[in-house]
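Residues per chain, in single letters:
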Amino acid sequence: MAEIPLPDENFASFYELMKVIHPGPRKVQDKNVEAILGPAHMHQVQAILDQCEKVLLERKPSTLMLHLADKYGFKKLEQYCFEAAANLKTVLYYSYHEIKMCQHFTKLPEKKQLSFLIKKVQDMSMQNTSLAF
């Protein structure tokens, strides 16, 4: 049987995806979700992407989760992260510069960064808190 070349494919990640698909049914889990995301997105396996988002929604919200939500179009995960950020009092006391230094935050498009910061300012104004710079 002839081999089919898969340029730009990470074998380990593709293998994880294949273990979920065939011979099945291996579940998408927290330990393999990040490895599966890339190939599932590349090959447009929506059912697996849906499972990945569900697993990520069980994690603690973070800028990494926000980055993954943006990268893979996970609207529920993005909303979850924004709501958690607005409700998390510790986020209110991070300065703009501290937030900008976060590795995953800087990977977000500027529009998403702005949305996050606007949400922060709106929540602060509701609590009569000043923005730290």
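Shown above is the structure to which this text applies.
Overview of the structure. (Residues numbered from 1 in each chain as written. Predicted model: local features only at pLDDT ≥ 70, side-chain atom pairs only at ≥ 80, totals over all residues. Heavy atoms only, no water.)

### Some points on the overall build of the protein chain
Our working rule: Working definition: helices are DSSP H or I runs of at least four residues, strands are E runs of at least two. Numbering for both runs from the N terminus. Relative accessibility thresholds used throughout: buried, under 20% of the residue-type maximum; exposed, over 50%; partly exposed, between the two (1.4 Å probe, protein chains only).
When its secondary structure is counted, the protein chain shows nine helices and zero strands. Listing every helix and strand of the protein chain by position from the N terminus yields α-α-α-α-α-α-α-α-α. Taking all 133 residues of the protein chain together, the buried fraction comes to 36%.

### Some thoughts on helix α2 (residues 33–42)
What counts is decided by this rule: Whether two residues are in contact is decided by their heavy atoms, any of which lying within 4.5 Å being enough.
Buried residues of α2: V33, I36, L37, P39 and A40, and no others. Along its buried surface, α2 packs onto α1 (11–21), α3 (46–56) and α4 (63–72).

### Some remarks on the side chain of N32
Structurally, N32 can be placed in the loop between α1 and α2. By relative accessible area, which is 3% here, N32 ends up buried. With near-sequence residues (within four places) excluded, N32 lies in contact with E16, V20, R26 and K27.

### Let's talk about the packing of α1 against α2
Heads up, the rule is: Fitted lines through C-alpha atoms give the axes, limited to the stretch in contact for helices. The angle between two N-to-C directions lies from 0 to 180 degrees. We call two directions roughly parallel when the angle between them is under 35 degrees, roughly antiparallel when it is over 145, roughly perpendicular when it lies between 65 and 115, and oblique otherwise. Residue polarity is assigned by list, with Asp, Glu, Lys and Arg as charged and Ala, Val, Leu, Ile, Met, Phe, Trp, Tyr, Cys and Pro as nonpolar; anything else, Gly included, falls into the polar class.
Their axes nearest at 8 Å, the elements α1 and α2 cross at an angle of 85°. Here α1 is positioned roughly perpendicular relative to α2, judged by the angle of their axes. Between α1 and α2, the contacting residues are S13, F14, E16, L17 and V20 on the first element and A35, I36, P39 and A40 on the second. Considered class by class, the residues forming the contact of α1 with α2 number seven nonpolar, one polar and one charged.

### Considerations on the pattern of salt bridges
Filter applied, for reference: Here, a salt bridge means any Lys or Arg side-chain nitrogen found within 4 Å of an Asp or Glu carboxyl oxygen.
Tallied over the full model, the rule gives five salt bridges. Among the ionic pairs, K19 bridges to E16, the shortest N-O distance being 3.0 Å. You can see K19 and its partner E16 sitting in helix α1, three residues apart, about one turn around the helix. We note a salt bridge from R59 to E34, for which the minimum N-O separation is 2.8 Å. Of the two residues, R59 sits in the loop between α3 and α4 while E34 sits in helix α2, which places them 25 residues apart along the sequence.

### What about α1?
Counted only if it meets this: To obtain the arc, one takes the directions from the helix axis to the C-beta atoms.
Among the residues making up α1, those that are buried are S13, E16, L17 and V20. Within α1, the buried residues cover an arc of 100° as seen down the axis, which keeps them to one side. As for α1, its buried residues are in contact with α2 and α3.

### As for unusual backbone geometry
Positive phi, normally seen in glycine, also occurs at Q44, with a value near 55°. Among the secondary structure elements, Q44 is positioned in the loop between α2 and α3.

### Focus: the packing of aromatic side chains
To keep it simple, the criterion reads: For Phe, Tyr and Trp, rings pair up if their centres lie within 6.5 Å, where Trp contributes its six-membered ring, and each pair is then called stacked (planes under 30 degrees apart), edge-to-face (over 60) or tilted (otherwise).
The full count for this structure, using the stated rule, is one aromatic pair. For the pair Y72 and F74, a centre-to-centre distance of 6.1 Å together with 35° between the ring planes defines the contact as tilted.

Everything listed here is a matter of geometry and, on its own, says nothing about what the molecule does.
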